[in-house]
Amino acid sequence: MEAGASTVTGGRSLIEPSPAARLPDQVLRWGLLGLAGAILVLIAYFFIRLIGQSGTALDHFGLSFVFGNNWDVSRDIYHGAPLVVGTLITSAIALLIGVPVAVATAIYLTELCPRRLRQPLSMLVDLLAAVPSVVYGLWGVFVLAPKLVPAEKWFAKTFSFIPFIGGGASSVTPTNYFIAGLILAIMILPIVSAIAREVIATVPADNKEAALALGATRWEMIRMAVLPYARPGITGGAMLGLGRALGETIAVVVVIGDAPAIGHHLFNQGYTLASVIANEFGEATGIHRSALFAAGLVLFVLTLIVNIIARGFVARGHRARVPRR
Amino acid sequence: MSAAERIQALAPVSGRRRYTDTMMRGLLLAATIVALIPLVLVIYYLIKRGVGSWGGSFFTSDPNGNFFGNPGGIRSALLGSLEIVGLATLIAIPIGVGVALYLTEYGKQSLFANVVRYFVDVMTGVPSIVFGLFIFIVLVLAHVGGNFTAWKGSVALSLLMLPIVVRSAEVVLLLVPSELREAALALGAPRWRVVFRVVLPTALPGLVTGSLLAIARGMGETAPLLFTTAGAFGLTFSLSQQMNALPLQIYNDILSPRNVVVDRAWGAALALVTLVLILNVVARVASQRSRMA
Amino acid sequence: MIPPETTSQEQVDMSTSGGRSEQTSGDPSERSSGAPSEQSQAAPDMSALGVREGAGHAIKVAGLHAYYGQQHAIKGINLDFPANEVTAIIGPSGCGKSTMVRCINRMHEEIPGARAEGSVTLDDFDVYAPGVDVTSVRRLIGMVFQKPNPFPTMSIFNNVAAGLRLTGTKADNLRERVHRALRAVGLWNEVKGRLDAPGIGLSGGQQQRLCIARAIAVEPEVILMDEPCSALDPVATLKIEELIDELKERYTIVIVTHNMQQAARVANSTVFMLDGEVIEHAPTNTIFTTPHDERTERYVTGKFG
């Protein structure tokens, strides 16, 4: 849009900005570009330094850092399977409980909710994400955990024939895998619901009408026209929730009990990659500290991968399924 | 068969389907209510167990690490939070808006811009504790300007807040009508002027609400501060020292064996959540209003 | 057009909704009166659906009012749609043609804030009677929309089967009826080798015929068409109009169109609407050559609208 023509006589046109006037523009442009680039470089730099700090532990323990089952601080042995397993268990619980509720909420809010209630209720669900993680930890450990113990004991006794999930009624502790997973479910619910809502809103009204015109009930219409269309996007949302659950630290460290072993039952204490860092960092030195960095590295790479896959799904969901011709 | 007869014949099946429909609708409504119960319960218990602490010198005295007697209030934590997050905001917002400006005004859909967008998106998924570790390694271990200091906490928080600012700012900047930009450019204004005098002022309300959400997020984070500021009981205004913050104080207090200290944790949590919820509600309602305007 | 009686005699077991006994046809190529068989674009073939017993089904609209919130869109309409005839609805934009048609299968009320009053009778059955199950009504009154809208995540087969699956039609019966519907709309030869391909992979005209197949698979009495050709090219449009000509043998058809030539081509009678009211309803010829009302005359001669 900047005029650049020279006049017929070959002189510089009056409206062409002088090189000096163009300078602020260039400064701005390249400055901002540099800023954006700097962020990329920064993240890469952090990554490299983290790898550096983890080096000692990883060199020493190799693959047993991830697969070995023995996290012994007193003897400086850091085989982190309890951490990895604990992370996976709590995240799995979070997904199993959180995703269905989140998707159900999203369907209700976009398809069934009276219009006037839609905004306020959606905002309330989103506010779940505003509560700081330490507050969830506080509430979880002092309110939720003790209240659930009787139910957990009952469950363990009644379903004692199922390995891990049942049994161990006598070893039920207030802080355990389950409650950590439950708190995580509450924390990922807003994210998954928000993305699901977004995706469901993109379902073409045409298809919904067609379903209704065929004589579908409202639920059948949702099943026929909405859910299949929204599935990739919702999957992506669930994976983003997973990413969040994997990395959540403070709420988990408070309610999981920080036991450096793989608990035998769902209602036993455990450990996660994130919570071990928060719990043990204070006094860690030398190889212990390096091991904690390594845990952070594993966590970082794990969440990175999950996020990248998730975004692939969400992108697929957003891309309109346009008819070919 | 007449229509009436056909509908009659359909009745058993349609009765069953209507039943399923009603059940599913009820289930979906129930799920929504279930989703909201934790929010209600958290707020309820915060008020129930936290309000009691809000008396006397709660906001005017600092916490102390004493084993007996009055455990003190949360003044240093509250002020510390405001300072640390304040500095983080000063870092994150200009940089975040700057990056967003680059993406909307210059980079647009170029390969580089898309890479940046992708990275920023991925950054939102990085666990906050990892940011704490990053800053610990790069700044604390290297003893850059001291060991644990408040400003390093701010830097860690700003990393966390940055992607939030960039994403919301980009959305808002894209909403500025291109006609506005083109009109200004057609009048001969250089691009930088258009950005500062037309684009930014128009986008300002949206930028503010996006920033409020980022600030709310920053105020609630504990993990990054654990490795950078590490907390302290006493009140200090110097950002180059260890400083207290509300989340740190709460985290510390949860593990205490003393009931009065746990009570203080509830009171502090109530204060923190009040701040955070106010920021959130104001930001969200404001952005709703502007969308409907 | 092949008379339906020359088909073979297999009895089909209607294990589900609304049992109307039917006889299948054989493969069209086996029939004596030579139908074009192995062309890639077969003509629509209603006989694929078998013999239809009983009289056709007429619709009577009486005292119909429709509202969008406070806006009074349909202001007291009385209309008769004769059985097995094509009735076209014409009128300028915003006159309420689509709204009125959507009141017939009670789709209008799906719009938030919208409601309708009055009566719409199909064979003496008032679909607006209290306690009527709307989903059953919509099974008897099918609809084809302006923009072809096959379900994007479903195959061609599943698209046509969609309505049948709602009432739990069993697998063999399902397959049978899907194939028949595809034959009936003349799509069979074009898609028979790729029934599992995505429905949206077809051309616009094919997609619309797919949607029609989807609508007739559940054997409605009436088919409502809301400007079904406006998103299609002229060749595809002609094919659909051919199909409509065939469809009226089995169904009562109401077609909304802004294209007066189309009304002249396909419709037995035409309704002219203006501002939510019926101005004139007459045999198509009459409407276009000697309309009674001056407003009709102005519209069809292009003086407004």
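The shown structure was predicted, so the numbers you read here are calculated from the model rather than taken from an experiment.

So, about helix α5 (residues 133–158) of chain A. Helical periodicity: at 3.6 residues per turn, an α-helix aligns residues three or four positions apart in one direction. The terminal C-alpha atoms of α5 of chain A lie 33 Å apart, and with 26 residues this falls more than 12% below the ideal 38 Å at 1.5 Å per residue. The largest bend in α5 of chain A is about 45°, located at Gly140 of chain A.

If you walk across this open sheet you meet the four strands as β4-β3-β6-β7 (chain C), and the pairing is antiparallel. A single partner strand is all that each edge strand has here, and the edge strands are β4 (71–81) and β7 (125–126) of chain C.

A few words now on the packing of helix α3 (residues 156–166) of chain C against helix α4 (residues 171–184) of chain C. All names here are of chain C. In the contact formed by α3 and α4, the axes pass within 9 Å of each other and the chain directions differ by 115°. α4 is crossed by α3, and the crossing has right-handed handedness. Residue-level inspection shows Phe157, Val160, Ala161 and Leu164 of α3 in contact with α4, the latter providing Leu174, Arg177, Val178, Ala181 and Leu182. For the contact of α3 with α4, the class distribution of residues is eight nonpolar, no polar and one charged.

Moving on, we get to the domain arrangement of chain B. All names here are of chain B. Examined at the domain level, chain B breaks down into domain 1 (14–53) and domain 2 (75–292). The gap between the C-alpha centroids of domain 1 and domain 2 is 32 Å. The interface is formed by seven residues belonging to domain 1 together with seven residues belonging to domain 2. Split into classes, the residues belonging to the side of domain 1 that touches domain 2 amount to three nonpolar, three polar and one charged.

Before going further, it helps to spend a moment on the sheet that holds strand β5 (residues 86–90) of chain C. Residues and elements named next belong to chain C. With mixed pairing, the six strands of this open sheet are ordered in space as β8-β9-β10-β5-β11-β12. What marks the edges here is a single partner per strand, and that holds for β8 (141–144) and β12 (277–283). The average angle at which neighbouring strand axes cross in this sheet is 20°, direction not considered. Taken together, the six bridges between strand β11 (residues 269–274) and β12 define a ladder with antiparallel strand orientation. Paired with Thr270 across the bridge in β12 is Ala282. Helix α1 (residues 97–104) rests against β5, β8, β9 (222–226), β10 (252–256) and β11 of the sheet, and its axis sits at about 150° to β10.

Thresholds, definitions, all that
- Residues numbered from 1 in each chain as written.
- Chains lettered and ligands numbered in written order.
- Predicted model: local features only at pLDDT ≥ 70, side-chain atom pairs only at ≥ 80, totals over all residues.
- Helix = DSSP H or I, 4+ residues; strand = E, 2+ residues; numbered from the N terminus.
- Expected span 1.5 Å × (residues − 1).
- Bend = angle between axes of the 7 residues up to and from the residue.
- Pairing = 2+ DSSP bridges.
- Axes fitted to C-alpha atoms, helices over the stretch in contact; angles between N-to-C directions.
- Left-handed = near helix turned anticlockwise from the far one by under 90°.
- Contact = placed C-beta atoms within 7 Å.
- Nonpolar A, V, L, I, M, F, W, Y, C, P; charged D, E, K, R; others polar.
- Domains from an automatic or database assignment.

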